[in-house]
Amino acid sequence: MKSFPARAAAMLLPLLLVACGSSHDDAPAIRVTDLPAGAYAVGTGDAAAPVAGKYYAAADGSRLLVLDNAAQQATALYRRDGNAPWQRTPAVTGDTALELSSSQAIAAGPLNPTAIAGSFVVRLASGSAAAFSIDTKGAIAAGSTACKLSGTVAVSSLPNVLQLTLATAGCGDLPAQSDGYLVADTDHAPASFRLLTFGASAPFDLWAYPE
């Protein structure tokens, strides 16, 4: 008479484990206005607190939305890889819906490492500079400055964007290893592009100028 409850418990255990596991996998849902493939200058917020940014959309469903403050530094990155769920840096703690109040198409096209190869310098939050170069194959090599930037850039499905893997040494609060994007728009001049990576609680945004 004891064998039946034992068998029933054994059958129920996997179901209980699945049920318990699913609660830990429930991430907050993020919804962002979906725009057709292309690149856009966008706005969100309201008249009292407007927020400007850039939105990059690929035909495969990938998206990148960069929201900036008044100093043109990124305060939030929304991103979607293909048709996967949206993610945000900084992370959200609850379901989030972001509606764009305006969007205007800007020049958009594929970007490759050859197009941005050269020598560059970025200014760090501390005020110091970091020099680096990018070759035609996308390798990032550190220059002679104390802050060393290295890594790679690679082709992305997003317009005006390259995938970025960045390593740093001696660069203050910059993470030692991070992933993100190199973004190059025509209105970035005199900067050549910006490097955007995912920090623990906020994005890192480095504007690169020709050296």
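This is a predicted model, so every value here is computed, not measured.

Engineer: Pulling in residues and values, what's your account of the pairing of strand β11 (residues 139–142)?
Structural biologist: As paired strands, strand β10 (residues 129–134) and β11 are joined by three bridges and run antiparallel to one another. The residue bridging Phe132 from the neighbouring strand is Ala142, located in β11. The turn joining β10 and β11, which pair antiparallel and follow one another in sequence, is formed by four residues; a positive phi near 95° is taken by Gly138. A loop of five residues connects β11 with strand β12 (residues 148–155), the two strands running antiparallel in sequence.

Engineer: Describe in detail the state of the cysteines, supporting the description with residues and values.
Structural biologist: Summed over all chains, the structure comprises one disulfide. Paired through a disulfide, Cys147 and Cys171 show a sulfur-sulfur distance of 1.9 Å. Handedness of the Cys147-Cys171 disulfide follows from its S-S torsion of about 95°: it is right-handed. Placement of the pair is Cys147 in the loop between β11 and β12 and Cys171 in the loop between β13 (161–169) and β14 (177–183), with a sequence separation of 24 residues. Relative accessible area serves as the criterion here: at 2%, Cys147 is assigned to the buried category. Overall, the relative accessible area of 7% leaves Cys171 in the buried class.

Engineer: Could you give an account of the sheet that holds β14, naming the residues involved and the relevant values?
Structural biologist: Read around the closed barrel, the eight strands follow the order β9-β10-β11-β12-β13-β14-β15-β16; overall the barrel is antiparallel. Between one strand axis and the next, the sheet turns through 30° on average, direction left out of account. Here six bridges tie strand β15 (residues 193–198) to strand β16 (residues 203–210), and the two strands are oriented antiparallel to one another. Opposite Phe193, over in β16, you have Ala208 as the bridge partner.

Engineer: Describe the side chain of Arg63, and please don't skip the residues or the numbers.
Structural biologist: Tracing the sequence through the fold places Arg63 in strand β4 (residues 63–68). The class for Arg63 is buried, based on a relative accessible area of 7%. Polar contacts involving the side chain of Arg63 include one to the side chain of Asp34, which spans 3.0 Å. With near-sequence residues (within four places) excluded, Arg63 lies in contact with Asp34, Leu35, Tyr55, Tyr56, Ala57, Ala58, Tyr78, Arg79, Arg80, Trp86 and Leu158.

Engineer: With reference to specific residues and values, describe the environment of Gly170.
Structural biologist: Mapped onto the elements of the fold, Gly170 is located in the loop between β13 and β14. A C-alpha to C-alpha distance of 6.2 Å links Gly170 and Ala146, two positions 24 residues apart in sequence. Dropping the residues within four chain positions of it, Gly170 is found in contact with Ala146 and Cys147.

Criteria and thresholds
- Residues numbered from 1 in each chain as written.
- Predicted model: local features only at pLDDT ≥ 70, side-chain atom pairs only at ≥ 80, totals over all residues.
- Heavy atoms only, no water.
- Pairing = 2+ DSSP bridges.
- Helix = DSSP H or I, 4+ residues; strand = E, 2+ residues; numbered from the N terminus.
- Disulfide = S-S within 2.5 Å.
- Buried < 20%, exposed > 50% of the residue type's maximum accessible area, 1.4 Å probe, protein only.
- Axes fitted to C-alpha atoms, helices over the stretch in contact; angles between N-to-C directions.
- Polar contact = N/O pair within 3.5 Å; in protein donor to acceptor, adjacent residues only side chain to side chain.
- Contact = heavy atoms within 4.5 Å.

The analysis is restricted to geometry; functional conclusions fall outside its scope.
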